[in-house]
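Topology and contacts: notes
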Amino acid sequence: MSLFQEYMQPDTIEEAVENLKDAPGSVAVIAGGTDLLLDIRQGRHQAVDRVVDISGISEMQEVALEENFVYLGASVTHKQIISNSLLAEHAQCVVEGCGLIGGPQVRNVATIGGNVSHALPAGDGTISLLALDTEVRIASTDGVRWRPLIEIFAGPGKVTFDRKNELIVGFRFPARGPREGSAFDRVMRPQGVAIAILNMAGWVKLDEKGDIEDVRLACGPAGPKPFRARKTEEFIKGKSWDEASYQEACRILADEVSLRTSAHRATKEYRHKLLPVLLQKVLDSAVERAKL
Amino acid sequence: MKSLTFWVNDKKQTLEVEAGEMLADVLRYRLGLTGTKISCGESECGVCTVLVEGEPVLSCNYPALKAAGKHVTTIEGLAQGEKLHPLQEAFIKNGAVQCGFCTPGQIITAAALLSSKADPTDQDIEYALNDTLCRCGTYPAIVNAIHAASDKINHNKPIEFPTYDFVGGLEVVGQVVARPEARQKVTGAAVYTDDITFPDMLFGATLRAGIPHGRLIKLDCSKAKKLPGIRAVFTAADIPGRVNHGLIIQDWPALVGVGEKVRYVGDAVAIVAADTPEIAQKALALIDVEYEPLPVVTDPVEAKAEDAPLVHEEGNLLKHIKVNRGDITLGFEQAEIIFEDTYYTPAYEHAFMEPECSIARPVDNGGVEIYVGSQIAYADRDQVAAALGLPQEKVRVRGPLVGGGFGGKEDIAGQIHAALLAQATGKPVKVLYDRQESMLVHPKRHATQIRVKLGLKRDGTLTAAQTELYGDTGAYASLGAKVMGRATTHSTGPYIVPNVKIDCYAMYTNNPPSGAFRGFGAFQAAFAIECLMDKVAEELKLDPVELRRMNALRKGSITNTGQHLTESVGLLECINQTQAEMLKFTGGEDPFLSREVNGEPGKRRSWGFAVTFKNTGLGEGAPDNATAEIELLKDGSVEIRISSAEIGQGLVTVLQMITAQELGLPLDKVNVYLSDTDLTPDGGPTTGSRQTYISGNAARYAAGTLKNAMLDTLAEKLNLSPEEIGFKDGVIQANDQKLSFAEVGELMRAEGRKTRLKYEYVSPKTTPLGEKGDKHFAYSFAAQAIEVEVDLVTGEVRAVRAVGATDVGKAINPLGLQGQVEGGLIMGIGHALTEEFIVENGEIFTDSLSRYRMPSIKHVPEDIKVIIVEDPTAEGPYGGKGVGEISTMPVPPAIVNAVYNACGIRLNRIPIDQDWLALEIEKAAR
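Residues numbered from 1 in each chain as written. Chains lettered and ligands numbered in written order. Predicted model: local features only at pLDDT ≥ 70, side-chain atom pairs only at ≥ 80, totals over all residues. Heavy atoms only, no water.

Here's the deal with the overall build of chain A
Helix and strand counts for chain A stand at 11 helices and 14 strands. For chain A, the C-alpha radius of gyration of 19 Å lies close to 19 Å, the compact-globule estimate for 292 residues. Its C-alpha atoms give chain A principal-axis dimensions of roughly 60 × 45 × 30 Å. Across the 292 residues in chain A, those meeting the buried criterion constitute 59%. In chain A, 64% of the contacts between residues at least 6 apart in sequence involve partners at least 24 apart. (Helix = DSSP H or I, 4+ residues; strand = E, 2+ residues; numbered from the N terminus. Rg over C-alpha atoms; globule rule 2.2 N^0.38 Å. Buried < 20%, exposed > 50% of the residue type's maximum accessible area, 1.4 Å probe, protein only. Contact = heavy atoms within 4.5 Å.)

Concerning the overall build of chain B
Within chain B, the regular secondary structure consists of 23 helices and 36 strands. For the C-alpha atoms alone, the extent of chain B along its principal axes is close to 80 × 75 × 60 Å. Burial analysis of chain B (926 residues in total) assigns 66% to the buried set. In chain B, of all internal contacts separated by at least 6 residues, the share reaching a separation of at least 24 is 77%. Summed over its atoms, the accessible surface of chain B is roughly 30,900 Å², and 48% of this surface lies on carbon and sulfur atoms. (Areas by Shrake-Rupley, 256 points an atom, 1.4 Å probe, with all protein chains shown as cover.)

A few points about the environment of Val48(A)
Residue and element names in this part refer to chain A. Tracing the sequence through the fold places valine 48 in the loop between α2 (36–41) and β3 (50–53). Valine 48 sits in the buried class, given a relative accessible area of 2%. For valine 48 and valine 29, which are 19 residues apart along the polypeptide, the C-alpha to C-alpha distance reads 10.0 Å. In contact with valine 48, other than residues within four places in its own chain, are Leu3, Phe4, Gln5, Ser26, Val27, Ala28 and Ile40.

Considerations on the sheet that holds strand β8 (residues 230–234) of chain B
Residues and elements named next belong to chain B. The seven strands are arranged β8-β12-β6-β19-β16-β17-β18 in an open sheet whose pairing can be described as mixed. In this open sheet, the two strands that pair with only one neighbour each are β8 and β18 (395–398). Taken pair by pair, the neighbouring strands of this sheet meet at an average axis angle of 20°, ignoring direction. Two strands pair when backbone bridges link them, and β8 and strand β12 (residues 268–274) are joined in this way by four bridges, in the antiparallel orientation. By the bridge assignment, alanine 232 is partnered in β12 with alanine 273. Docked against the sheet, helix α11 (residues 377–388) engages β17 (368–372) and β18, running at close to 145° with respect to β18. (Pairing = 2+ DSSP bridges. Axes fitted to C-alpha atoms, helices over the stretch in contact; angles between N-to-C directions.)

Points about the pattern of salt bridges
Should their charged atoms come close, side chains of opposite charge can pair. As enumerated under the stated definition, the model contains 77 salt bridges over all chains in all. Ionic pairing is found between Glu6(A) and Arg50(A), a salt bridge with its closest N-O pair at 3.0 Å. Linking Glu6(A) in strand β1 (residues 6–8) with Arg50(A) in strand β3, this pair joins segments that are 44 residues apart in sequence. The exposure class assigned to Arg50(A) is buried, which follows from its relative accessible area of 5%. For Glu835(B), the salt bridge goes to Arg135(B), with nearest N and O atoms at 2.7 Å. Of this pair, Glu835(B) sits in the loop between α21 (814–833) and β34 (839–840) while Arg135(B) is found in the loop between α4 (122–128) and α5 (139–155), placing the two residues 700 residues apart along the sequence. Here the salt bridges do not stand alone but share partners, grouping Arg361(B), Glu369(B), Arg396(B), Arg398(B), Asp676(B) and Asp678(B) into one network. (Salt bridge = Lys/Arg side-chain N within 4 Å of Asp/Glu carboxyl O.)

Digging into the packing of aromatic side chains
Residues and elements named next belong to chain B. One pass over the full model with this rule turns up 19 aromatic pairs over all chains. Where tryptophan 252 meets tyrosine 264, the ring centres are 6.2 Å apart and the plane angle is 80°; that geometry is what we call edge-to-face. Placement of tryptophan 252 in strand β10 (residues 252–253) and of tyrosine 264 in the loop between β11 (261–262) and β12 is noted, with a sequence separation of 12 residues between them. We note that tryptophan 252, like tyrosine 264, is buried. Between tyrosine 348 and phenylalanine 523 the ring centres are 6.0 Å apart and the planes differ by 85°, which places this aromatic pair in the edge-to-face class. Of this pair, tyrosine 348 sits in the loop between β15 (337–345) and β16 (357–362) while phenylalanine 523 sits in helix α15 (residues 522–539), and the two are 175 residues apart along the sequence. Residue tyrosine 348 is classed as buried on the basis of its relative accessible area of 0%. Take phenylalanine 523: its relative accessible area is 1%, and that puts it in the buried class. Linked through ring pairs, Trp252, Tyr264 and Tyr476 together constitute an aromatic cluster. (Phe/Tyr/Trp six-rings, centres within 6.5 Å; stacked < 30°, edge-to-face > 60°.)

Here's the deal with the packing of helix α11 (residues 268–291) of chain A against helix α23 (residues 914–925) of chain B
Viewed as axis vectors pointing N to C, α11(A) and α23(B) meet at an angle of 70°, and their least axial separation amounts to 9 Å. Relative to α23(B), α11(A) is oriented roughly perpendicular. Between α11(A) and α23(B) lies a crossing whose hand is left-handed. Contacts between α11(A) and α23(B) involve Glu269(A), Tyr270(A) and Lys273(A) on the former and, on the latter, Gln914(B), Asp915(B), Ala918(B), Leu919(B) and Glu922(B). Class assignment for the residues of the contact of α11(A) with α23(B) results in three nonpolar, one polar and four charged. (Parallel < 35°, antiparallel > 145°, perpendicular 65-115°, else oblique. Left-handed = near helix turned anticlockwise from the far one by under 90°. Nonpolar A, V, L, I, M, F, W, Y, C, P; charged D, E, K, R; others polar.)

So, the environment of His417(B)
Residue and element names in this part refer to chain B. Along the polypeptide, histidine 417 turns up in helix α12 (residues 415–425). For histidine 417 and isoleucine 239, which are 178 residues apart along the polypeptide, the C-alpha to C-alpha distance reads 9.8 Å. Dropping the residues within four chain positions of it, histidine 417 is found in contact with Thr206, Ala254, Leu255, Ala268 and Ile271.

So, the domain arrangement of chain B
How big an interface is tends to be reported as the loss of accessible area on association of its parts. All names here are of chain B. Segmenting chain B into domains produces domain 1 (1–195), domain 2 (202–294 + 353–404 + 409–441), domain 3 (447–618 + 771–925) and domain 4 (625–762). For domain 2 and domain 3, the distance between their C-alpha centroids amounts to 37 Å. Contacts between the two partners involve 20 residues from domain 2, matched on the other side by 24 residues from domain 3. Summed over both sides, the interface between domain 2 and domain 3 buries roughly 1,800 Å², with carbon and sulfur atoms accounting for 65% of that surface. The tally of links from domain 2 across to domain 3 stands at zero salt bridges. Where domain 2 packs against domain 3, one counts eight residue pairs in polar contact (both at pLDDT 80 or more). Elements represented by at least two residues in the side of domain 2 that touches domain 3 include exactly β10 and α13 (435–441). (Domains from an automatic or database assignment. Buried area = accessible area lost by both parts, 1.4 Å probe. Polar contact = N/O pair within 3.5 Å; in protein donor to acceptor, adjacent residues only side chain to side chain.)

Considering the sheet that holds strand β26 (residues 638–642) of chain B
Residue and element names in this part refer to chain B. Spatially, four strands are ordered β27-β26-β25-β31 in an open sheet, and the strand pairing comes out mixed. Looking at which strands have only one partner, the edges of the open sheet turn out to be β27 (670–674) and β31 (756–762). Between one strand axis and the next, the sheet turns by 20° as a mean value, whatever way the strands run. Alignment of strand β25 (residues 625–632) against β31, held across seven bridges, turns out to be antiparallel. By the bridge assignment for β31, isoleucine 630 is matched with leucine 757. Along the sheet, helix α18 (residues 651–663) makes contact with β25, β26 and β27, crossing β27 at roughly 140°.

Considerations on the pairing of strand β2 (residues 11–17) of chain B
Residues and elements named next belong to chain B. Both strand β1 (residues 2–8) and β2 contribute to a ladder of seven bridges, which runs antiparallel. Residue threonine 5 lies in a different strand from β2, and its bridge partner there is threonine 14. If you look at the hairpin formed by β1 and β2, you'll find two residues sitting between the two strands, and asparagine 9 has a positive phi there, around 50°.

What to know about unusual backbone geometry
Keep in mind that most residues, glycine aside, have a negative phi and that most peptide bonds are trans. Geometrically, the link from Gly220(A) to Pro221(A) is a cis peptide bond, its omega value of -10° lying close to zero. Structurally, Pro221(A) is set in the loop between β13 (212–220) and β14 (227–228). Along the chain, Ile910(B) connects to Pro911(B) via a cis peptide bond; the corresponding omega equals -5°. If you trace the backbone, Pro911(B) turns up in the loop between α22 (891–903) and α23. Positive phi values are uncommon outside glycine, yet Glu67(A) reaches one of about 50°. Topologically, Glu67(A) is positioned in the loop between β4 (63–66) and β5 (69–73).

Here's the deal with the nonpolar core
Formed by 194 residues in total, the largest nonpolar core has its most connected members in Phe91(B), Ile146(B), Leu454(B), Ile895(B), Val899(B) and Leu917(B). Core analysis: the next-biggest nonpolar cluster, separate from the first, contains 49 residues, Ile57(A), Phe153(A), Phe161(A) and Phe171(A) among them. (Core = buried A, V, L, I, M, F, W, Y, C linked by side-chain atoms within 4.5 Å.)

Let's talk about the domain arrangement of chain A
Under the domain assignment, chain A is made up of domain 1 (6–53), domain 2 (58–173) and domain 3 (192–291). If you average the C-alpha positions of domain 1 of chain A and of domain 3 of chain A, the two centres end up 36 Å apart.

Describing the state of the cysteines
Residues and elements named next belong to chain B. What the rule picks out here adds up to zero disulfides over all chains. Just so you know, cysteine 60 is unpaired, no disulfide at all, and the nearest cysteine sulfur is the one on cysteine 48, 3.7 Å from it. Left unpaired, cysteine 136 is separated from the closest cysteine sulfur, that of cysteine 99, by 3.9 Å. (Disulfide = S-S within 2.5 Å.)

Overview of the interface of chain B and chain A
Residue-level contacts link 54 residues of chain B with 48 residues of chain A. When chain B packs against chain A, close to 4,100 Å² is buried across both sides, 51% of that on carbon and sulfur atoms. When the buried area of chain B at its contact with chain A is split by residue, Lys66(B), Tyr127(B) and Asp915(B) rank highest and sum to 14% of it. For the interface between chain B and chain A, the tally reads four salt bridges. A salt bridge links Lys66(B) to Asp53(A), with the shortest nitrogen-to-oxygen separation between them at 3.0 Å. Remark: the boundary between chain B and chain A carries 31 residue pairs in polar contact (both at pLDDT 80 or more). For the side of chain B that touches chain A, the secondary structure elements donating two or more residues are β4 (55–58), α4, α8 (277–286) and α23 of chain B. A per-class count over the side of chain B that touches chain A returns 20 nonpolar, 16 polar and 18 charged.

Shown next as structure tokens:
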């Protein structure tokens, strides 16, 4: 069976965006192709005439520390992420999140850019990148631009950039400073699709006393788009991470998320029950790491 | 087409491929490297794993052109000539090969692990093989095999067979031996149906109803017929013979005709044959079809209502099955306490790793030859012949290896369609299902609702049991009446109950058909009775093991159908040994207390217990026979031929061992040839845990017949009495003379004696329900204890440790037995924790492996103790009885009982819904 008619393997970003722009019919980008190809096969994605495989573009495979930022190419695979020492230092939650995805066969080909551009409200890679205040680099034939990651999601599977002409090529997030740490966790259901019932990533910066100077928290599915819990973050900032602030944070978080019942996956009540569990695990762990 | 150059197993390959072709397709269909299997097509199962530049990837979703310039390693590239890779040898010797369909993927994934981590821990293995699925459940053996291979590679430690405490007794039977077909399975040489190809072969595809109930009012194939590359478009009107098929009742149309009804989403309305699979699919889209929708009934209880929509004109009741013993009113009057509850089990999907494939090709005599991995070759032959309007001898069914069955390959899938298209086109036609079509089409495990009412004395003695069962048999009968019959007789458990009343209703609905599935109704029944027994024990303040022990069937007991058990009732032994082992784990402490998990106050552990029994063979009056043919070949080897299926359970091994044992031959002098309706006599269906017993006996007596013929020849020739002639190690010792089998064969042929003989084994007579006499000729028994861990906050449940004892009569093939029991346990864990086939209003929700999750290596308990009890049955081969199904059955109730013991919440249904459980735990704490 041939799943598409034309298979492009550009070597550069410029070529890739040209390949997208001049596609005669429908076009899709793959890197690992783990999601897209099976969506096409199962009729969950419209037929695609041209597939642009971006996994050979070396610029998109880089992981680098640049001044105060870490650059993470969109075609970096989950396998590379979990075995990269730079990311182990600077992006603990991303490494943790990506380590939980699939088996080695999937991790070997599935990329971080693929996870993000799938735009699921609970992508493990996406949620963990959000906690690092990540920006995304988007290329088109008009050039490249940086945008906050949180802004590219328009709804489940939908993005605010133009998939026909634009391409996610990389990410950047602040390098880890002193007294900073991050963590990721999720709860799965043993039956049904391997998407988290609820996942969460947290990043904290402690002050000299060990109180939380700054915090970022993301979770999903907590609405149609990947979610940053700004109100909860605001509350936690400046507090010590103790029982009282945890309890109040739970209350605020429960209030600001929009959890719902999804058939054969989870009830709204259950997801609410998991919120404090994950909040505690994730922030406890992030705080511990910040102390190291 | 594009040119692709890459290296496969160090050999440079340049070939033309389509832009959108996947690597697996190129390897299999263009390069003929069929060791790489395709199972799910959705990156879920890992079966298609190959190495690209040393890294494991899923070749079914890896564009072939992406491999340009790269080095690909497939299973065929692992061995060095004849010398197996240590992993391959270790997989064989550790019993990590059953049906073999996932084996290449497992070995390749393991090879990548060993090259990055020479001495992996159990955790490393679990992490690496997390997404490489095995439905046979060989995971424990795989872990052992990987360690053994690692020891061989790193420390040159020889790879040995494992040792078991239930080994021995005879020279061959009871010894640990490798599967004869294992070498092919670990090297990728093993041939399954889709690995076969013929010149000019066409590809069939099937248009499915897509709606659960409706009348077909329009079917216009004219556009499809005009598509270039289409060779045939076939509808019900074109069927030359009988339209309906079915193993017992022929109510299932091979194709639904205009004016007729579709009764479930998977009903076929048209079939096409084309030059390529793509063209076949395109043609289906061009068929214009219209239905008049009809009201849908999807619940077996609702299906029984007076005003329910009718699935079949004769009514929705397939069968009302009854069992009455003693006086139920009196029984409940004698009771001092009465318990009653209702239990629910869902439909389950077999999810055998090999999706269905049939190839039919016209042969010179005007008939057809069919290649299919089926559990019942002769039934396929008869049903295909009826559809084609051919005499049965014009249809030959040949069975390549089968990548798992579990009951799901008993009914017709694509056999008739392939044959019709081959007949119409005069060419070979392959009908291969992808995973979604497989899940759509074949019968599932019956969803049931089972009400159990028990009356007891306060000391725990059962006085009465009344059960009412509803089974959802779906749109067609399949084996529904038989399955629910077994649910009926097993619904009061393996207990002595003097007064019994059972009513069971097997109901048609517009759901996918239900049929045979490991445990065959007895699985569902075991869940209900064993959950209620635990509740009874608690209320009566009795130990749950003791309650079972006091009521357990034993030698001399009478079953609920009035059968007097005179021998081979090893249940008490199973209970005692399981309890003893469980207590070893707890250090003598009460295993059913809820215990905190060290350092994790939010988690609790406890054990749960369940017992069960399962008939061997068809029973209840069905003739249960097998004929084996045996031939002494000129080279002195012996071939045993029988039409029964090797579906991973180890039948080839068992038949080889039995034949070798009887003739005093080395194993490698016995060849087993299965499933060929022209060349092998009928061994009956591969179902009902019957093959070791029935076909095993046929092989045993066939071998005995050959031995007698050889003895007669020699006794006459040498003027000796047969007692003076010995058979040992392939040598015949007569007085001082030593003869080989080849020499004796020569003598026989010279005298015009037959060296090819048949034996028909006829099993002990059984009688239908309601008639006097035994319902079954043997029963196996089992006890299972499982420790679970419950997360009190998230409701997550995992099986931590498992101890189980099974009475198998005699362990004939210990390596296979260990694997089958472990695999059954793992499937039971899946049924309790991960699996549920969900149908909503007749539409299938769980239409892929990503939505239907079978257990993976991470669901395997940390400790598994397999105990084998051998309480022989006189008529069985060496005392053996069935074991294929029983090990799955007690697992879900043991887990559910353990969950209650751990957290205080009782479940009446499986699989366990962690969401519901977590909220119940919270409610109870308030």
